[in-house]
Amino acid sequence: VGTLLKWMVALSILAMAMAKAYGIRLFAVKTYGAVIHEFDPWFNYRATEYLAAHGSEKFFKWFDYMSWYPLGRPVGTTIYPGMQFTAVWIWQTLKMMPKYKLKAPELLRQAFPFVKAVLRFGPMSLNDVCVYIPAWFGSVATLGVFLLTREATRSLACSCISAMIMAIIPAHLMRSIAGGYDNESIAVSAICFTFYLWCRSLRSEKSWPIAILAGISYIYMVAAWGGYIFVINMIGVHAAALIPLRMFNSSTYKAYTLFFIIGTLGATRIPVVGWTPLKSLEQMGPFGVFITYQLLEFCNYRIRKHKDMSWSARVALRIKVFSVAFLILAAVVFALWPTGYFGPLSSRIRGLFVKHTRTGNPLVDSVAEHQAASDSAYWQYLHHCKTLSILGWFLCFWKTNPAKSFIVGYGLVASFFSLKMVRLLIICGPIASILTGVALGTIFDLCVSQVTDFLWFLAFGSSEEKKDALEDEASSTEPKSPEGKKTEKDKDKKGKKTAKKDNKDKDKDEDKDPQSPKEQYDKFWESTEGKALYRRTSPLRAMVAVVVLGFVAQTGRQPVVDFMEHAETMAQGMSSPQILFMTRNGQIVDDYKVTYEWLKKETPQDARVMAWWDYGYQITGIGNRTSIADGNTWNHEHIATLARCLVLPEKRAYKIIRHLADYVLVWAGGRGDDLAKSPHMCRIGTSVYPDISPNDPTCQQFGFYQDRTPTPMMAKSVIYKLHSHNKAPGAQVNPKYFKEVYSSKYGLVRIFKVLNISKESKEWVANPENKVCDAPGSWYCSGRYPKALQPLIAKRRDFAQLEDFNKGNREKNAYSRYVEEQNRRGGSI
């Protein structure tokens, strides 16, 4: 009855936590309606629309010519499609449901204020499904944290506290607000369940088949987010750590082998991943652990087969097997390395292991979320969990098990990598919640156990006496012979069991070191004196426990309130869709959204819109018009060409723009407008076209003086003239080149029409005969730059950055050399 009651309370708390996780993510929907947010989510939504309309076969063969003009981009084979498929599956499932309404009980509405008076069930639009997915999966991640904590601690208190924290912790909120339809919104749930299933497969010798589910969950993780590299390496590190922790056995071997084979085979079926798991240096570690496990199990098999093998023979066998395996692997690596089989570390991955925070790639360095995390960022996204999780981490060393050892490793890895990149604070959300739950839940469990011990002491004399009484009661119910006495067979069986137990205890005692402090401590409490002392101190321990509980409740009340209020504030602050935002007086500004809708209604369907790469997703997603570049960073040189068009003097830039665009869109107001971003444009452009800012890789000449007047280079640039046209002294566009055709209500966005465009270039690019296919009749056909721009393209310098160790003697660009020199000197950039 007591266990059932505990589970009923725990499941009720879990349900409340999951409901809170859902409700706190709906601020944006309540304020702005069901709107997709920011930049990347608009690309994800557009890809989801294409999948829903054309099916998976065409999706994976989709070459999008409305982005990255004139080159285009293969979408289905270059994105992680897990979120798109998830959304379409949910949408199709809901279409099969009949529409019906249900009046919400008043008690439910009082407990959860976000619940509407009338609950409607049935089909939803694809847009609404995509908007709500982050909130739904916020609840799923909360469940995953509950299960993982339960597996590690076997404590319902720790699990419930972890779930309540995970529901609202800002580190998870930042990528799971309703409308933020981005990969991380479902990936965190996949991370939690993959880790839970992996730990669950290690619980006992018979648990290893659960690794099959862990492998399947990992496949979903791979399809969802590029952060799968963290997941496979985290599990690989843990599997390796189990060896020195003496937790490796046949069950562990079967679990990891199943997980790795199923997960890797499934991962290679994801087009964007392909054979990367067996080629990338970033994933060679888990593969090496897999090989090590096979060798260890082979050695153990030989040892089990030859039980009389001496200790020295066992060591010799392992040395022999591992030496031969090492020589074979070394030969394979030696043969494959010159062929370029092994892929290099990416700039982002390399940036996680170097002292500096700059990668030498101005495009990567321009993104704020790629910078190192500060103390204020930890406080902002983890709050009090940052401190409490340290206590929880140390408590995981108490009564350790495979799951707890995984939690310890997860805490270390997440802490290390989040220090390197603020974006990776997202992986700290689950582990900070778990460790905080371990800290508070362990204190709660210890105190409650002392109180219950005292209550049993009052009722039965001692918990030991109660245990004996229960055992006597159980033995009295054992079946006996008809005469009421145990048969000779029962006595023989009992005698054999007793003898076997005595022998086992004897062997166990011989194996242990009686001089160890821990052994002496345990023996004392098992002795008569120890039990007597334990009984006598029961009232004192109960009194101390009550005091501790009261102290924690009193001192912890305000921090809990602060954390909850902080989470609410952060959730509201993260709920701005960016294309819509609310002013301090409560007015909603929709300049960006209306601008993109104007593009859709007032420009030709084949219109090409040039804008800085940040806005490409919104131009195609909302405006349904062709963009020059978007938020993907796959082609640095093309983005540099776009940057060249925006930072060059007007006349020189126009000669390029007229071959690429019909309109130019600029963000002309607000803190994040194009002038604020223009130094990044200049640095990115200069990294490929050194003539933009000769001998000045950081573009110090492209900016403003202290009195806010532009430098000569800035004043001549296209971006400045378009941004400040007729607003700043001397800032006017040449009427022969550009004509302003639209300005938003509050002046945040301006659109200029490009005059006298090159129709010849536009028609040449549109002609299918001028595209380059990878095979005759193939769907994979890349566009080409028009003939008028090909001399310029031929002159640009392919980008090389700090980590391009596999590029031979290719010369690095000036920006990369500058960053490298600053890193060597230990200076700042």
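From a predicted model like this one, the values you see are computed outputs, not experimental measurements.

**Q** An account of the sheet that holds strand S11 (residues 749-754) is needed here, citing residue identities and associated values.
**A** In space, the five strands of this open sheet follow the order S8-S7-S9-S11-S10, with mixed pairing throughout. The sheet terminates laterally at strand S8 (626-627) and strand S10 (738-743), the two strands that pair on one side only. Where strand S7 (residues 608-610) lies against S8, two bridges are found, and the strand directions are parallel. Bridge assignment links Arg608 to a residue of S8, and that residue is Thr626.

**Q** Before we move on, can you summarise the packing of helix H9 (residues 184-200) against helix H11 (residues 228-241) with the specific residues and values?
**A** One can describe the packing of H9 onto H11 by two numbers: an axis separation of 11 Å at closest approach and a directional angle of 20°. It follows from the interaxial angle that H9 and H11 lie roughly parallel. Every pair of crossing elements has a handedness; the one defined by H9 and H11 is right-handed. Taken together, the residues of H11 that come into contact with H9 (itself represented by Ile191, Thr194, Phe195 and Trp198) are Phe230, Val231, Met234, Ile235, His238 and Ala239. Tallied by class, the residues present in the contact of H9 with H11 amount to eight nonpolar, two polar and no charged.

**Q** Requested: an account of unusual backbone geometry, with residues and values cited.
**A** For the bond from Tyr69 to Pro70, the omega torsion is 5°, close enough to zero to count as cis. The residue Pro70 is located in the loop between strand S1 (63-64) and strand S2 (73-74) in this model. Positive phi outside glycine occurs at Arg708, with the angle close to 70°. Examined against the element boundaries, Arg708 turns out to sit in the loop between helix H30 (674-686) and helix H31 (712-716). Unusually for a residue other than glycine, Asn726 sits at a positive phi of about 60°. Structurally, Asn726 is set in the loop between helix H32 (718-724) and S10.

**Q** Summarise the nonpolar core; cite the residues concerned and give the values.
**A** One finds Phe195, Tyr256, Met610, Trp612, Ile657, Leu665 and Phe738 to be the most contacted residues of the largest nonpolar core, which totals 207 residues. Core analysis: the next-biggest nonpolar cluster, separate from the first, contains seven residues, Leu295, Cys299, Leu317 and Ala325 among them.

**Q** Tell me about the packing of aromatic side chains, and please be specific about residues and values.
**A** If you walk through the whole model with that rule in mind, you get 41 aromatic pairs. Both rings, one in Phe59 and one in Phe85, keep their centres 6.0 Å apart while their planes meet at 90°; by these two values the pair is edge-to-face. Note that Phe59 is positioned in helix H3 (residues 40-59) and Phe85 in helix H4 (residues 82-95), a separation of 26 residues in sequence. The class of Phe59 is buried, set by a relative accessible area of 0%. Looking at Lys771, its charged tip hangs above the ring of Tyr65, at a distance of 4.8 Å from the centre.

**Q** Tell me about helix H26 (residues 591-602), and name the residues and values.
**A** Its 12 residues give H26 an end-to-end C-alpha distance of 16 Å, which sits within 8% of 16 Å, the value for a rise of 1.5 Å per residue. Along H26, the positions that sit buried rather than exposed are Asp591, Tyr592, Thr595, Tyr596, Trp598 and Leu599. Taken end-on, H26 shows its buried residues confined to a sector of 150°, consistent with a single buried face.

**Q** Describe a nonpolar patch on the surface, naming the residues involved and giving the relevant values.
**A** Together, Leu540, Met543, Val544, Val547, Val548, Phe551 and Val552 line one region of the surface with nonpolar side chains, adding up to about 640 Å² of accessible area. When you line up the elements, Val552 lands in helix H25 (residues 538-573). The exposure class assigned to Val552 is partly exposed, which follows from its relative accessible area of 33%.

**Q** Could you give an account of the pattern of salt bridges, naming the residues involved and the relevant values?
**A** The full count for this structure, using the stated rule, is 17 salt bridges. The partner of Arg608 in a salt bridge is Asp662, with the nearest N and O atoms 3.0 Å apart. In this pair, Arg608 is assigned in strand S7 and Asp662 in the loop between helix H29 (650-657) and strand S9 (663-667), connecting sequence segments 54 residues apart. Put simply, Asp691 and Arg652 hold a salt bridge, and the shortest N to O gap is 3.4 Å. Residue Asp691 is located in the loop between H30 and H31, and its partner Arg652 is located in helix H29; the two are separated by 39 residues in the primary sequence. Owing to a relative accessible area of 38%, Asp691 belongs among the partly exposed residues under this scheme. By relative accessible area, which is 40% here, Arg652 ends up partly exposed. One salt-bridge network, held together by shared partners, links Asp606, Arg608, Asp662 and Lys762.

**Q** Which residues make up the environment of Leu419, and what are the values?
**A** Within the secondary structure, Leu419 sits in helix H19 (residues 402-420). A residue is classified by how much of its surface remains accessible, and Leu419, at 44% relative accessible area, is partly exposed. Put simply, Leu419 and Asp375 are 44 residues apart on the chain and 9.2 Å apart in space, counted from C-alpha to C-alpha.

**Q** Break down the state of the cysteines for me, citing the residues and quoting the values.
**A** In the structure shown here, the tally under the stated rule is two disulfides. Linked covalently through their sulfurs, Cys682 and Cys699 form a disulfide whose S-S length is 2.2 Å. Between Cys682 and Cys699 the sulfur-sulfur dihedral comes to about -85°; the bridge is accordingly left-handed. Taken together, the residues span a long stretch of sequence, with Cys682 in helix H30 and Cys699 in the loop between H30 and H31 at a distance of 17 residues. Residues Cys682 and Cys699 agree in their burial class; the two are buried. The residue that forms a disulfide with Cys773 is Cys781, at a sulfur-sulfur distance of 1.9 Å. Between Cys773 and Cys781, the disulfide has an S-S torsion of 100° and is therefore right-handed. We classify Cys773 as partly exposed; its relative accessible area is 36%.

**Q** Provide a residue-level description of the pairing of S11, including the pertinent values.
**A** For a regular strand, side chains alternate in direction, first toward one face of the sheet and then toward the other. With five of its six residues buried, S11 lies for the most part within the structure. Pairing analysis gives five bridges linking S9 to S11, with the strands arranged antiparallel. Pairing of Leu665 across the sheet is with Ile751, part of S11. Direction of pairing for S10 relative to S11: antiparallel, over a ladder of five bridges. Note that in S11 the partner of Tyr742 across the bridge is Ile751. Linking two consecutive strands that pair antiparallel, namely S10 and S11, is a turn of five residues; a positive phi of about 75° is found at Gly747 within it.

Each value, and the rule that gives it
Residues numbered from 1 in each chain as written. Predicted model: local features only at pLDDT ≥ 70, side-chain atom pairs only at ≥ 80, totals over all residues. Heavy atoms only, no water. Pairing = 2+ DSSP bridges. Helix = DSSP H or I, 4+ residues; strand = E, 2+ residues; numbered from the N terminus. Axes fitted to C-alpha atoms, helices over the stretch in contact; angles between N-to-C directions. Parallel < 35°, antiparallel > 145°, perpendicular 65-115°, else oblique. Left-handed = near helix turned anticlockwise from the far one by under 90°. Contact = heavy atoms within 4.5 Å. Nonpolar A, V, L, I, M, F, W, Y, C, P; charged D, E, K, R; others polar. Core = buried A, V, L, I, M, F, W, Y, C linked by side-chain atoms within 4.5 Å. Buried < 20%, exposed > 50% of the residue type's maximum accessible area, 1.4 Å probe, protein only. Phe/Tyr/Trp six-rings, centres within 6.5 Å; stacked < 30°, edge-to-face > 60°. Lys NZ or Arg CZ within 6 Å of the ring centre and 35° of its normal. Expected span 1.5 Å × (residues − 1). Arc of directions from axis to C-beta. Patch = residues over 30% accessible without salt bridge, like charges linked within 9 Å, V, L, I, M, F, W, Y side chains within 5 Å. Areas by Shrake-Rupley, 256 points an atom, 1.4 Å probe, with all protein chains shown as cover. Salt bridge = Lys/Arg side-chain N within 4 Å of Asp/Glu carboxyl O. Disulfide = S-S within 2.5 Å.

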